[in-house]
Amino acid sequence: MSQSDALFEAAQRLIPGGVNSPVRAFRAVGGKPFFVARAEGARIWDVDGRSYLDFLGSWGPLILGHAPAAVVEAVSEAARRGTSYGAPTASEVEIAEVISRALPSIEMLRLVSSGTEAAMSAIRLARGATGRDAIVKFEGCYHGHADSLLVKAGSGGATFSLPDSAGVPPSLAALTVTLPFNDLEAVRRTFDARGSEIAAVIVEPVAGNMGVVPPAPGFLGGLRELTTRHGALLIFDEVITGFRVAYGGAQSLYGVRPDLTCLGKIIGGGLPVGAYGGRRDLMTHVSPLGGVYQAGTLSGNPLAVAAGLATLRALQDPSAYRRLEALGARLQAGLEGAAREAGVPLTVNRVGSMLTGFFTGGAVTDFASAKPSDTARYAKFFHAMLARGVFLAASQFEAAFVSLAHSEADIDSAAQAARQALGAA
Ligand SMILES: *Cc1c(COP(=O)(O)O)cnc(C)c1O
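Owing to the predicted nature of the structure, the values given are computational and were not obtained by experimental measurement.

Caption draft 1: A look at the overall build of the protein chain. For the protein chain, the count of helices and strands is 14 helices and 16 strands. Over its C-alpha trace the protein chain gives a radius of gyration of 21 Å, about what one expects of a compact globule, namely 22 Å for 425 residues. Overall size of the protein chain, expressed as C-alpha extent along the three principal axes, is 60 × 55 × 45 Å. Across the 425 residues of the protein chain, 54% fall into the buried class. Long-range pairs, those at least 24 residues apart, make up 70% of the contacts in the protein chain with a sequence separation of at least 6. Seen as two clouds, the 37 positive and the 37 negative side-chain charges of the protein chain have centres 1 Å apart.

Next up, the structure:
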């Protein structure tokens, strides 16, 4: 038995599904996960000594690749000065300045420890500041696992929202209206019907959690206009897209200024960090200035902030996003070429260094058009790529991430693996 299989057996006795986050269990693609020994640059080694070119990037944070020297040094240096104080530090002020400069819509912000906390807290703030209870989200968008956000539309659509998870009270889910992504008309109808009840619209400005789905032209601007007109807040969940699709996030790429923004992933440089922030008049509702309570023992943790600052500094290199774009485009072309040669229908959606190849012939513009993708074919592809030493997300409906640690040769060898995996070579 391999070391990974032995560890997975032991893990399953102690940890639900053997993993500390569900997708890691490979349930959507079958088979068993490998256990990681170490990682460096664009590569991961498992406990059995096999190595993989990594296009998961820890689900998004690792835009510099694994264990970049600057981050490792910053974390080690911070650790020597203590790992947590429960009192403020200069680094927290510095990262707040860096983030606020990069995303000018963020006039004030609060650091938390995960994207889930960021989105949950932004929703609480939106409700507290507007005195309204209902929120609007989009089908296929993920905002972490807080109760109000684990909801998608049931057969009743916008009127009867059903929880996605056991343990979420239907009475709470009923306050979450779920609409199709990119469907501005549905948002308009919802606001016409119950605009005065809606505290906020929360959206991934580029969806990443149904696979990558870019916003249709005018969608984000339309949300801005409708929320403003009806006195609701616009929340961009940029936990993936912040510092990923551009240094200033999707809001700079598409030129739309949200009221509140959620961040996570990249701003922690691979350590647990999230943040929410936005308009000063809204953020002053947050405790201790106002009545919206939110706190955290390890919020602004010095190790995590050091990793985040080192990462954000590296991204200030003016060539960083040009390189990420070029590498992303190269991977897209490689995948499209492999699929074309193999005669396999594949729709690749990409924004910069995040992309998804959907096994479907049609355009993917929302969850309904993503869903018909051939998930059995994806599972086969996933395992064929893994066998060739390329690690992708263990589900069709996730993004692949390219990092600054990937070389052109890495991209080309992944494309060559895809040609073999799809049977074109
Ligand atoms: C990952 C993610 C979250 C949740 O972040 P965690 O750190 O996993 O809690 C929230 N929103 C989006 C868009 C994400 O991709």
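Caption draft 2: Up close: the domain arrangement of the protein chain. Domain annotation of the protein chain identifies domain 1 (3–67 + 318–424) and domain 2 (69–315). Look at where the C-alpha atoms of domain 1 and domain 2 centre, and you get two points 25 Å apart. Contact residues are listed per partner, giving 29 residues for domain 1 and 32 residues for domain 2. Both sides together, the interface formed by domain 1 and domain 2 hides about 2,300 Å², and carbon and sulfur atoms give 67% of it. Scanning the region where domain 1 abuts domain 2 turns up zero salt bridges. On inspection of domain 1 and its partner domain 2, the count reaches nine residue pairs in polar contact (both at pLDDT 80 or more). Among the elements that take part in the side of domain 1 that touches domain 2, strand β14 (residues 354–358) stands out by supplying four residues, more than any other. Of the residues belonging to the side of domain 1 that touches domain 2, the class tally is 20 nonpolar, five polar and four charged.

Caption draft 3: Structural detail: the side chain of S105. Inspection of the secondary structure puts S105 in the loop between α3 (90–102) and β4 (108–112). For S105, a relative accessible area of 4% puts it in the buried group. Residue contacts for S105: discarding those within four places in its chain leaves Q251, R257, P258, T261, G278 and R279.

Caption draft 4: Looking closely at the site of the ligand. Around the ligand lies a shell formed by S114, G115, T116, Y142, H143, G144, E204, N209, D237, V239, I240 and K265. In isolation the ligand exposes 380 Å². Once the protein is present, 82% of that is buried. Considering only residue class, the shell around the ligand consists of three nonpolar, six polar and three charged.

Caption draft 5: Broad picture of the nonpolar core. In terms of nonpolar packing, the biggest core is built from 37 residues, with F55, L331, Y378, F381, F382, F391 and L392 touching the most fellow members. The element contributing the most residues to this core is helix α13 (residues 375–387), with six residues. Those residues in contact with F391 that lie beyond four places of it in its chain are F26, F34, I44, Y52, L53, D54, F55, L56, F382 and L386. Residues A102, L263, I266 and A307 belong to the second largest nonpolar core, which totals 31 residues.

Caption draft 6: Fine view of the pattern of salt bridges. Applying the stated criterion across every chain, the model contains 14 salt bridges. The partner of E408 in a salt bridge is R323, with the nearest N and O atoms 3.1 Å apart. On the criterion of sequence distance, the pair formed by E408 in helix α14 (residues 408–421) and R323 in helix α11 (residues 320–342) is long-range, its members being 85 residues apart. We classify E408 as partly exposed; its relative accessible area is 33%. A residue is classified by how much of its surface remains accessible, and R323, at 30% relative accessible area, is partly exposed.

Caption draft 7: Broad picture of unusual backbone geometry. The step from S287 to P288 runs through a cis peptide bond, and the omega angle for that step is 10°. With respect to the element layout, P288 can be found in the loop between α9 (280–283) and α10 (302–314). Phi is positive for K265, which is not a glycine, with a value near 40°.

Caption draft 8: Examining the pairing of strand β3 (residues 51–54) more closely. Pairing between strand β2 (residues 43–46) and β3: three bridges, direction antiparallel. Bridging across to β3, W45 finds its partner in S51.

Caption draft 9: Region of interest: the packing of aromatic side chains. Scanning the model with the defined rule gives 13 aromatic pairs in all. With 5.0 Å between their ring centres and 90° between their planes, F26 and F382 make a pair best called edge-to-face. Of the two residues, F26 is situated in the loop between α1 (3–14) and β1 (36–40) and F382 in helix α13; the sequence distance between them amounts to 356 residues. Residue classification places F382 among the buried positions, given a relative accessible area of 0%. Site record: aromatic cluster; members linked through ring pairs are F34, Y52 and F391.

Thresholds, definitions, all that
- Residues numbered from 1 in each chain as written.
- Predicted model: local features only at pLDDT ≥ 70, side-chain atom pairs only at ≥ 80, totals over all residues.
- Heavy atoms only, no water.
- Helix = DSSP H or I, 4+ residues; strand = E, 2+ residues; numbered from the N terminus.
- Rg over C-alpha atoms; globule rule 2.2 N^0.38 Å.
- Buried < 20%, exposed > 50% of the residue type's maximum accessible area, 1.4 Å probe, protein only.
- Contact = heavy atoms within 4.5 Å.
- Lys, Arg positive; Asp, Glu negative; His and termini not counted.
- Charge placed at Lys NZ, Arg CZ, Asp CG, Glu CD.
- Domains from an automatic or database assignment.
- Buried area = accessible area lost by both parts, 1.4 Å probe.
- Salt bridge = Lys/Arg side-chain N within 4 Å of Asp/Glu carboxyl O.
- Polar contact = N/O pair within 3.5 Å; in protein donor to acceptor, adjacent residues only side chain to side chain.
- Nonpolar A, V, L, I, M, F, W, Y, C, P; charged D, E, K, R; others polar.
- Near = heavy atom within 4 Å.
- Areas by Shrake-Rupley, 256 points an atom, 1.4 Å probe, with all protein chains shown as cover.
- Core = buried A, V, L, I, M, F, W, Y, C linked by side-chain atoms within 4.5 Å.
- Pairing = 2+ DSSP bridges.
- Phe/Tyr/Trp six-rings, centres within 6.5 Å; stacked < 30°, edge-to-face > 60°.

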